[in-house]
Amino acid sequence: MCGIVGYIGARRAEDVLLDGLRRLEYRGYDSAGKATVQGEAIHVVKTPGKVVHLTEALARTPAPGSVGIAHTRWATHGEPNQANAHPHLDCRGELAIVHNGIIENYDRLKRGLIERGHAFRSDTDTEVVAHLIEEYAAKLPLEEAFLAALRDVVGTFGIAVVSRREPRKLYAARRGSPLVVGVGVNGEYFLGSDPAALIPYTRDVVYLGDDEAVVLTDEGMETFSFDRTRIQKQREQINWTVDEIERGRFPHFMLKEMTEQPSVIVNSTRGRLDVDNGLAKLGGLKDVDDRLRKIERLSLVACGSAYLAAMVGEYMLEEYAEIPTETELGSEYRYRKPILDPGREAVIAVSQSGETADTLGALREAKEKGALTLGIVNAVGSTITRETDAGVYLHAGPEIAVASTKGFVGQLSVFALLTVLLGRQRRMSQATGSRIAAELAALPAKIERILAQSDRIKALAKKYANAQSMLYLGRKYNAPVALEGALKLKEIAYIHAEGYAAGEMKHGPIALLDPSFPVLAIATKDSIYEKVKSNLEEAKARRAPVIALTNEGNDELVRIADDVIFVPRTIEMLAPILNVIPLQLFAYHMAVARGYDPDKPRNLAKSVTVE
Ligand code: F6R
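Residues numbered from 1 in each chain as written. Predicted model: local features only at pLDDT ≥ 70, side-chain atom pairs only at ≥ 80, totals over all residues. Heavy atoms only, no water.

**What about the overall build of the protein chain?**
What counts here: Think of it this way: any DSSP run of H or I at least four residues long counts as a helix, any run of E at least two long counts as a strand, and we number them from the N terminus. Residues are treated as being in contact if the distance between any of their heavy atoms lies within 4.5 Å. Charged-residue counts in this description rest on Lys and Arg as positive and Asp and Glu as negative, His and the chain ends being excluded. To locate a charge, take NZ of a lysine, CZ of an arginine, CG of an aspartate or CD of a glutamate.
What the protein chain contains, in helices and strands, is 19 helices and 26 strands. Along the longest, intermediate and shortest principal axes, the C-alpha atoms of the protein chain span 80 × 55 × 45 Å. Counting contacts in the protein chain only where the partners sit at least 6 residues apart, residues at least 24 apart contribute 71% of the total. Positive and negative side-chain charges in the protein chain, numbering 76 and 81 respectively, have mean positions lying 2 Å apart.

Below you can see the structure in the form of structure tokens.
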């Protein structure tokens, strides 16, 4: 989704801004632009398309200045063309603004501004803020005008502003859309909607909270609320390395991130597993331990792949921790007036980015109703981590590819830990706890064995690359995995794919099957294997090509299926962690075989910070 970068210091702003934009490319966008200020002049350059086009345009007309803002836009209001790209200017070109989020009352504000003589150059909601500030700035100092404009705005924003009236100042503010300030050496400051933009320059950061604004100058930074009350902010340290956000020897981030999955299990379980005593220790939940023991119901709120990971979590928590659990889409939960039992219910927001607007909305709904709120999040310091009562980090490292892979596996690993923790607080035996813990610890080596099959799966992808549609089947723990496999294929290979709980096939989707409609069935040896095997036979009887995913040593499916992918065995509740990996690899190789860039699927954004 949209990205913001800002800089004030002694370097050439353009270099820092372009570098930052490149680091935010993974978030998905369709145009880019920048504004730098020097003395009395603002230099704005914007281009539709990729950052490389902006770079080319800037090479033709380099702009001076060591203060500036830049943006990658993911269109919400208005086409992705040059006029709609950010930054936007006020009527007189005094100030330039970049914005992430949505101004919900822009229509009404725009009508008023036009009546009062303002001329608009774009179809965006953002431009109204530039004109609003302009209007206030006719009577007030710029800082006050900036805050006054923000008070008029309804919606979400991460905003940054530079002005030729105050050429050595950079203003920024947030409501619902992340912004982080990087504190450099020698009095320079960086601004980013994502710490990835700042990491090569500094690890020292200050996360802006909602309804907080900051002014960055050569003299320092000041943070305050929109009514100008000063706020003291804590500096924090980012602990990722530049290597972690660079692609290295891999052709795509997605492949790199899939390859990292053995270490995702190692890192997400490090210091948290006690195999001998069958326990899980989650430091992030220590402070709410007493409340957790009283929990009688859990609601898991999430979107997309995180929602599917939560569905697997629901199976784990109900079967092993014996806590009634519901998984809910963030986008539905927040509006459907959920009935909560505050003293006895915990609501867990599951999110790789920790910034997804719908998940955050659901979390706020739960908070308002008094539930204990927890987070299962990857991005350290993200909004969800700051708004929950307590939580567990995935420690999966930054996920750059738009399609979630290691984030999903990290979420499953944390759900397994949480299941052991809550289960052992209740009726789970030490033996069961030890078995789950030992199996979790054995997963990295098993994942390596699956990753080693990448070339075989690539060959399979070549065979099926022309499919128009596919059906993914799985049951019990693997039903959500089938949905995740289908989601991955849709997202990056642009093939229509349906994910179904296998038992449902006969209630409808079987009508679709014919020789042109491949079926991928997850049929690993578990309590429901025979049933899935029957579904697979039913698909074959309709002459659909069948790819079966089963366990090493189970050769009986070779007779039925056209192709078989073998994975190592583990216990049923952990099987999704292994089974999803060939599906990720398959989608990845399908995308590449069809000539698409799996890291930057069309129309998608990495972190969906708007509704
Ligand atoms: C799928 C994918 C999305 C995200 C969803 C939630 O590959 O990446 O479906 O899972 O947008 O994102 P987070 O986990 O950041 O809340």
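**Observations concerning the site of the ligand**
The line we're drawing: The near set for a molecule or strand comprises every residue that places at least one heavy atom within 4 Å of it. Identification of polar contacts relies on pairs of N or O atoms within 3.5 Å, with a donor-acceptor requirement for protein atoms, meaning one able to donate a hydrogen and the other able to accept it, and with residues adjacent in sequence counted only if both atoms are side-chain atoms. The accessible surface values rely on the Shrake-Rupley method and a 1.4 Å probe; as for residues, cover is taken only from the protein chains in view. Any residue outside Ala, Val, Leu, Ile, Met, Phe, Trp, Tyr, Cys, Pro, Asp, Glu, Lys and Arg is labelled polar, Gly included; the first ten of those are nonpolar and the last four are charged.
Taken together, 13 residues are adjacent to the ligand, and S351, Q352, S353, T356 and E491 come closest. Between the ligand and Q352 there is a distance of 2.7 Å, counted from an oxygen atom to a backbone nitrogen or oxygen. Contacts to the ligand include T356, whose side-chain N or O atom sits 2.5 Å from an oxygen atom. Relative to its unbound accessible surface of 410 Å², the ligand loses 90% to contact with the protein. Counting residues per element, the ones that place at least two in the shell around the ligand are helix 9 (304-321) and helix 16 (479-493). Ranked by residues supplied to the shell around the ligand, first place goes to helix 9 with three residues. A breakdown of the residues in the shell around the ligand according to their chemical character gives four nonpolar, seven polar and two charged.

**Topic: the pairing of strand 12 (residues 212-217)**
The cut-off we apply is this: Burial here depends on accessible area, computed with a 1.4 Å probe over protein chains only, as a share of the maximum for the residue type. Under 20% is buried, over 50% is exposed, and the range in between is partly exposed. For two strands to be treated as a pair, DSSP must find at least two bridges joining them.
In terms of burial, strand 12 is a largely internal element, six of the six residues being buried. Side chains E212, V214 and L216 project from strand 12 onto one buried face, and the interleaved A213, V215 and T217 project onto a second face that is buried too. Of the pairings in the sheet, the one linking strand 8 (residues 169-175) to strand 12 comprises six bridges and is antiparallel in character. Counterpart to K169 in the pairing with strand 12 is T217. Examined bridge by bridge, strand 12 and strand 13 (residues 220-225) share six bridges and lie antiparallel to one another. Paired with A213 across the strands is F224, a residue of strand 13.

**Here's the deal with the nonpolar core**
Rules: Each nonpolar core is a collection of buried residues, namely Ala, Val, Leu, Ile, Met, Phe, Trp, Tyr and Cys, held together in the definition by side-chain atoms within 4.5 Å.
In this structure, L285, L418, Y472, L489, F586 and M590 are the most contacted members of the largest nonpolar core, which totals 126 residues. Residues contacting M590, with those up to four places away along its chain left out, are A461, Y464, A465, M470, L489, A493 and I495. Residues Y106, A130, V161 and F226 belong to the second largest nonpolar core, which totals 29 residues.

**A short note on the side chain of Q425**
Along the chain, Q425 turns up in helix 13 (residues 406-425). For Q425, the side chain forms a polar contact with the side chain of R426, separated by 3.3 Å. The residues touching Q425, leaving out its near neighbours within four places in the chain, are D289, L292 and R293.

**Remarks on the environment of R543**
By the element assignment, R543 lies in the loop between helix 17 (529-541) and strand 25 (546-551). We classify R543 as exposed; its relative accessible area is 60%. Each C-alpha atom, one on R543 and one on F517, is 8.8 Å from the other, the two residues being 26 residues apart in sequence. Ignoring anything within four residues of it in the chain, the contact list for R543 reads D514 and P515.

**Thoughts on the sheet that holds strand 21 (residues 390-393)**
How we decide: Axis angles are defined between N-to-C directions and span 0 to 180 degrees, where every axis is a line fitted to C-alpha atoms and, for a helix, only to the segment in contact.
Reading across from one edge, 18-17-19-20-21 is the order of the five strands in this open sheet, with parallel pairing throughout. In this open sheet, the two edge strands, each paired with only one partner strand, are strand 18 (325-329) and strand 21. When the angles between neighbouring strand axes are averaged without regard to direction, this sheet yields 20°. Across four bridges, strand 20 (residues 372-377) lies against strand 21 in parallel orientation. When the sheet's bridge partners are listed, L374 is paired in strand 21 with A390. Packing against the sheet, helix 9 makes contact with strand 17 (297-302), strand 18 and strand 19 (345-351), and its axis sits at approximately 175° to strand 18.

**A look at the packing of aromatic side chains**
Operational definition: Ring pairs shown here join Phe, Tyr and Trp side chains whose ring centres sit within 6.5 Å, with only the six-membered ring taken for Trp; geometry is labelled stacked below 30 degrees between planes, edge-to-face above 60, and tilted in between.
Counted according to the given criterion, the structure contains six aromatic pairs. Between the aromatic rings of F190 and Y201, the centroid separation amounts to 4.8 Å while the plane-to-plane angle is 15°, which identifies the pairing as stacked. With F190 in strand 10 (residues 189-192) and Y201 in the loop between strand 10 and strand 11 (204-207), this residue pair connects regions lying eleven residues apart in the sequence. Each of the two residues, F190 as well as Y201, counts as buried. A centroid spacing of 5.5 Å and a plane angle of 45° characterise the contact between Y315 and Y477, whose relative ring orientation is tilted. Taken together, the positions of Y315 in helix 9 and Y477 in the loop between strand 22 (469-474) and helix 16 put the pair 162 residues apart, joining distant regions of the chain. By relative accessible area, which is 32% here, Y315 ends up partly exposed. In textbook terms, an aromatic cluster arises when at least three aromatic residues are bridged by ring pairs, as seen for Y7, F190 and Y201.

**Topic: the packing of helix 9 against helix 13**
Rule in force here: For classification, angles of less than 35 degrees are called roughly parallel, those exceeding 145 degrees roughly antiparallel, those between 65 and 115 degrees roughly perpendicular, and all remaining angles oblique. Here a crossing is called left-handed whenever its near helix is offset anticlockwise from the far helix by less than a right angle, and right-handed whenever the offset is clockwise.
Interhelical geometry of helix 9 versus helix 13 gives an angle of 20° and a closest axis separation of 9 Å. Between helix 9 and helix 13, the interaxial angle falls into the category roughly parallel. Between helix 9 and helix 13 the crossing geometry is right-handed. Only F408, Q411, L412, F415, A416, L418, T419, L422 and G423 of helix 13 make contact with helix 9, whose side of the interface consists of S305, A306, L308, A309, A310, V312, G313, M316, L317, Y320 and A321. Of the residues belonging to the contact of helix 9 with helix 13, the class tally is 15 nonpolar, five polar and no charged.

Nothing here speaks to function; it is all geometry.
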